[in-house]
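Working through the structure, step by step
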Amino acid sequence: VQKTWKLANGVLMPTLCLNTAGLSAVGSERATLAALAAGITHVDFHPGIERDGVAKALAASQKRSSLFLTTKIGKPKPGTSPAAAAELVNKQLDNDLSVLGIDKVDMLMLRDSPDCEVMQAQWREMEGVLASGRARSIGVINYCEGSLSCLLSTAKVKPAINYIMQHV
């Protein structure tokens, strides 16, 4: 039985996770199917070709109800306005949900930005995603103290997790 962490919002997140970073679509499909066969129930994917492979694996396995799916919002390009950065949140999530053939992810995470107002604008959109039910939880990735202070100064919902990758 796979162990879980209880997130700040009470959602249980499986401890062991397949991360598809750097894999091709074929590689992420094969890795996801192998992970599912091995009993891993948490898949962390990135938008684009890695996500496309996970989508094929989900369609082939029919195991969506037993999986914890994590994705991330890509960093906006330097100089992107806060309003434009905020629009990227829903645009990317809509695309991910469509390709995956699902109506929500379990964890939606935000990367930091050198622009505090960009992070705050994107976080407001993520709070809206959470309220709409298109994500069960929202968190951040590798946030330092300064980024967390920026985000928390306007956040209505605290991040469920500051996800810092650790591996052997």
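Above: the structure in question.
A brief look at the structure comes next. (Residues numbered from 1 in each chain as written. Predicted model: local features only at pLDDT ≥ 70, side-chain atom pairs only at ≥ 80, totals over all residues. Heavy atoms only, no water.)

Details of the pattern of salt bridges
Tallied over the full model, the rule gives 6 salt bridges. Of the charged contacts in the structure, one is a salt bridge between Arg51 and Asp96, with a shortest N-O distance of 2.7 Å. One end of the pair, Arg51, is in helix H2 (residues 49-61); the other, Asp96, is in helix H3 (residues 82-100), and 45 residues separate them in sequence. Exposure class is identical for Arg51 and Asp96. Each is buried. (Salt bridge = Lys/Arg side-chain N within 4 Å of Asp/Glu carboxyl O. Helix = DSSP H or I, 4+ residues; strand = E, 2+ residues; numbered from the N terminus. Buried < 20%, exposed > 50% of the residue type's maximum accessible area, 1.4 Å probe, protein only.)

What about the packing of helix H4 (residues 116-132) against helix H5 (residues 145-152)?
Running from N to C, H4 and H5 point in directions that differ by 55°, and their axes come no closer than 9 Å. Judged on the interaxial angle alone, H5 and H4 are oblique. With respect to the hand of their crossing, H4 and H5 are arranged in right-handed fashion. Where H4 abuts H5, its residues Cys116, Met119, Gln120 and Trp123 lie against Ser147, Cys150 and Leu151. Of the residues that constitute the contact of H4 with H5, the class distribution is 5 nonpolar, 2 polar and no charged. (Axes fitted to C-alpha atoms, helices over the stretch in contact; angles between N-to-C directions. Parallel < 35°, antiparallel > 145°, perpendicular 65-115°, else oblique. Left-handed = near helix turned anticlockwise from the far one by under 90°. Contact = heavy atoms within 4.5 Å. Nonpolar A, V, L, I, M, F, W, Y, C, P; charged D, E, K, R; others polar.)

Comments concerning the state of the cysteines
Under the defined criterion, the tally for this structure stands at 1 disulfide. Each sulfur in the disulfide pair Cys116 and Cys150 lies 1.9 Å from the other. Disulfide Cys116-Cys150: torsion about the S-S bond near 105°, hence right-handed. Here the residue Cys116 occupies a position in helix H4, and Cys150 occupies one in helix H5, the gap between them amounting to 34 residues. (Disulfide = S-S within 2.5 Å.)

Re the sheet that holds strand S6 (residues 107-111)
Taking strand neighbours across the sheet as the criterion, the 6 strands line up as S3-S4-S5-S6-S7-S8 in an open arrangement whose pairing is parallel. On the outer flanks of this sheet lie strand S3 (18-19) and strand S8 (162-163), each paired with one strand and no other. Taken together, the 2 bridges between S3 and strand S4 (residues 42-44) define a ladder with parallel strand orientation. Across the sheet, the residue bridging to Asn19 is Asp44, located in S4. (Pairing = 2+ DSSP bridges.)

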